[in-house]
Amino acid sequence: MAIVSSHSVSCGNAAFTRVLHTSIERSRDGIDTEVIELDLTLLQSIDRGIRSKANDHISDICCRLKEFDCVNIQMEAGLYGTVPRDIVKRFSKLVTANKNTNVTLHSPRLIAPSSSARSAIKKIFFLRLRSGLEELFLASFKSINIKINKKIIRHCIASNSRIIVHTLRAKKQIENLFSYTNVDVHPLKMVDEGHSHDPKTFQNQFTQANLDPNDIHIGMFGYISSYKGHVDALNALQQLPLNFKLLIFGRLHPAALTDGALDPYLSHLIEMVNSREKLKNRVLFLGELDDSDFLDVVSDIDVAWLPYHENGQDGSGIASLCLDLCPRVLCSSSFAFDELLKLVKYNNVMRFDIGNTVELAGKTQMILNRDEPSRPYGGVSRYNVRTQADIYLTELDS
């Protein structure tokens, strides 16, 4: 079996691919799985000459895929290009390279939220023209991903490729809009059943960062990006007692790095931490963790915060890890969490409205006053890394 994806780079899709690769090979004897790694440096370039080389790279991969019994394509649009036309064209080649192909759609939004358009029209109606037009432009820009998704799904249908999504909502939208039923649902799973962590990992973090074991340590994980809600987290922290500390484990996404300039979102976070009295000596940026250390730290943090804003994603590897490993999790009312919690019932989670920092601070204290739940925190009989591996092997069973 081949998995087409990023693999060795720092990104969420690569982390999931590493888990998937290992779990498939462990699931059955005789299954040989190979990750066909995408060259993101080539594929994400907008230089005409390099884009041509990227197309050759995709053609080379297609030749290799013909040799496998089945193929999975991890579809996150940004992995395959920057120009929408390139993304769709490259995917169309890959999905037809092997007749036994399934496709994982990580962000398959097909219907734009109507709230943004309504808000923009209302502003224009009341003569707030500039603000309204800016909002309409932003909504139009976001619709590009929806147009890409629709074309990707049409190519899947044309090749009769099975689609794997992470939510019932995504499955229903594909079935309703395209009358296509060859769709399976499985939430992202990143942790082996019975996983045991090494407490020394977090103890080392304590020692190196000179943390006080009597404090309450709140963790945020993953790439530092505005939709992750770090600003909300800092505002909520100011409303909590001084012994509550926020540990930010993560880094800027490689795609956000630019020559000679500091990322404006990160700059804003640093300015908040340095200028606000109630945040001084209470926020630590502790950098990116490797896969195993990540699991250890998430398991031992007092509380995990997931104050995500809505961004169109259907699955979050970070959320899956936190919910499966951390004894207390606060997550926002984003659609992705709504849909995940329909599939898996967790006993370690409390919700709050997106952006409501008063609610986030209050429920953090509430969840700490509850008895710590026992593991597993969510039902693992229906959805786990083994059932996830089985989903990907359906073509081999037919």
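For the structure itself, look to the data block above.
Residues numbered from 1 in each chain as written. Predicted model: local features only at pLDDT ≥ 70, side-chain atom pairs only at ≥ 80, totals over all residues. Heavy atoms only, no water.

**Regarding the pairing of strand 11 (residues 329-332)**
The side-chain alternation of strand 11 yields two buried faces, one formed by V329 and C331 and the other by L330 and S332. Bridge count for strand 10 (residues 303-306) against strand 11 is 3 bridges, and the pairing is parallel. Along strand 11, the bridge assignment pairs W305 with L330. Between strand 10 and its parallel partner strand 11, the chain crosses via helix 12 (residues 317-325), and the hand of that crossover is right-handed. Bridge count between strand 11 and strand 12 (residues 349-352): 4 bridges; the pairing is parallel. Looking at the pairing, S332 lines up with F352 of strand 12. Following the chain from strand 11 across helix 13 (residues 335-343) to the adjacent parallel strand 12, one finds a crossover that is right-handed. (Buried < 20%, exposed > 50% of the residue type's maximum accessible area, 1.4 Å probe, protein only. Helix = DSSP H or I, 4+ residues; strand = E, 2+ residues; numbered from the N terminus. Pairing = 2+ DSSP bridges. Right-handed = clockwise from strand over helix to strand, strands pointing away.)

**Topic: the layout of surface pockets**
Empty space left among the atoms is revealed by rolling a probe the size of a water molecule over them. Reported here for the second largest pocket is a volume of approximately 240 Å³. Lining the second largest pocket are 15 residues, and of these D192, E193, G194, D324 and P376 sit closest to its centre. (1 Å grid on protein atoms, 1.4 Å probe; cavity = no way out; pocket = protein on both sides within 12 Å on 5 of 7 lines; lining within 4 Å. Points joined across faces, edges and corners; volume = space filled by probe spheres on them.)

**A few points about the sheet that holds strand 4 (residues 101-105)**
Hydrogen bonds between backbone groups are what pair the strands of a sheet, and the pairing can be parallel or antiparallel. Pairing in this open sheet of 6 strands is parallel, and the strands run 2-1-3-4-5-6 from one edge to the other. Two strands in the sheet have a free side with no partner beyond their single neighbour: strand 2 (34-37) and strand 6 (183-185). Mean inter-strand twist for the sheet, computed between neighbouring axes without regard to direction, equals 25°. Relative to strand 2, strand 1 (residues 2-5) runs parallel, the two being bridged by 4 bridges. Residue pairing for strand 2: I3 is matched across the bridge by V35. (Axes fitted to C-alpha atoms, helices over the stretch in contact; angles between N-to-C directions.)

**Here's the deal with the packing of helix 3 (residues 48-65) against helix 4 (residues 84-95)**
In helix packing, the relevant descriptors are the interaxial angle and the interaxial distance, both defined with respect to the helix axes. With their axes 9 Å apart at the nearest point, helix 3 and helix 4 run at an angle of 20° to one another. Taken as axis vectors, helix 3 and helix 4 run roughly parallel relative to one another. With respect to the hand of their crossing, helix 3 and helix 4 are arranged in right-handed fashion. In this structure, helix 3 contributes R51, A54, N55, I58, S59, I61, C62 and L65 to the contact, and helix 4 contributes R85, D86, R90, K93 and L94. (Parallel < 35°, antiparallel > 145°, perpendicular 65-115°, else oblique. Left-handed = near helix turned anticlockwise from the far one by under 90°. Contact = heavy atoms within 4.5 Å.)

**A few points about the environment of P108**
Along the chain, P108 turns up in the loop between strand 4 and helix 5 (114-125). You can call P108 buried: its relative accessible area is 4%. Note: C-alpha distance between P108 and R169 (61 residues apart in sequence) is 9.9 Å. For P108, the residues in contact, after removing those within four places along its chain, are N149, V165, A170 and D314.

**Some points on the packing of aromatic side chains**
Applying the stated criterion to the full structure yields 5 aromatic pairs. Ring geometry for F221 versus F294: centroids 5.4 Å apart, planes at 25°, classification stacked. Of this pair, F221 sits in strand 7 (residues 216-221) while F294 sits in helix 11 (residues 291-300), and the two are 73 residues apart along the sequence. For F294, a relative accessible area of 13% translates into the label buried. (Phe/Tyr/Trp six-rings, centres within 6.5 Å; stacked < 30°, edge-to-face > 60°.)

**Side note on unusual backbone geometry**
The omega angle of the peptide bond from R375 to P376 is -5°, so this bond is cis rather than trans. Relative to the helices and strands, P376 resides in the loop between helix 14 (357-369) and helix 15 (385-392). Phi is positive for N160, close to 55°, though the residue is something other than glycine. Its location among the elements puts N160 in the loop between helix 6 (129-158) and strand 5 (162-165). On the basis of relative accessible area, N160 is assigned to the exposed category, the value being 53%. Its identity is not glycine, yet N281 carries a phi of approximately 65°, on the positive side.

**Here we look at the packing of helix 9 (residues 230-237) against helix 10 (residues 264-275)**
One way to put it is that helix 9 packs onto helix 10 with a least axis distance of 10 Å and a crossing angle of 10°. Classified by the angle their axes make, helix 9 and helix 10 are roughly parallel. Between helix 9 and helix 10, the residues in contact are H230, V231, L234 and N235 and Y265, H268, L269, M272 and V273, respectively. Here the contact of helix 9 with helix 10 is built from residues that sort into 6 nonpolar, 3 polar and no charged. (Nonpolar A, V, L, I, M, F, W, Y, C, P; charged D, E, K, R; others polar.)

**Structural notes on the nonpolar core**
If you look at the biggest cluster of nonpolar residues, it comprises 90 residues, and the most contacted ones within it are I174 and F221. Element by element, the count of residues in this core is highest for helix 12, at 6 residues. If near-sequence neighbours (up to four positions away) are discounted, F221 is found in contact with K228, F249, F294, V297, V298, I301, A304, Y308, I318 and C322. Ranked by size, the runner-up nonpolar core spans 28 residues in total, among them I216, L246, L252 and L269. (Core = buried A, V, L, I, M, F, W, Y, C linked by side-chain atoms within 4.5 Å.)

**Overview of the sheet that holds strand 12**
Pairing in this open sheet of 6 strands is parallel, and the strands run 9-8-7-10-11-12 from one edge to the other. Two strands in the sheet have a free side with no partner beyond their single neighbour: strand 9 (283-285) and strand 12. Taking the axes of each pair of neighbouring strands and ignoring which way they run, one obtains an average angle of 25° across the sheet.

**A few points about the pairing of strand 4**
For strand 4, the buried fraction is high: 5 of the 5 residues fall into the buried class. A two-sided burial pattern is seen for strand 4, the buried positions comprising T101, V103 and L105 on one face and N102 and T104 on the other. Tracing the backbone out of strand 3 (residues 71-75), into helix 4 and back to the parallel element strand 4 gives a crossover that is right-handed. Relative to strand 5, strand 4 runs parallel, the two being bridged by 3 bridges.

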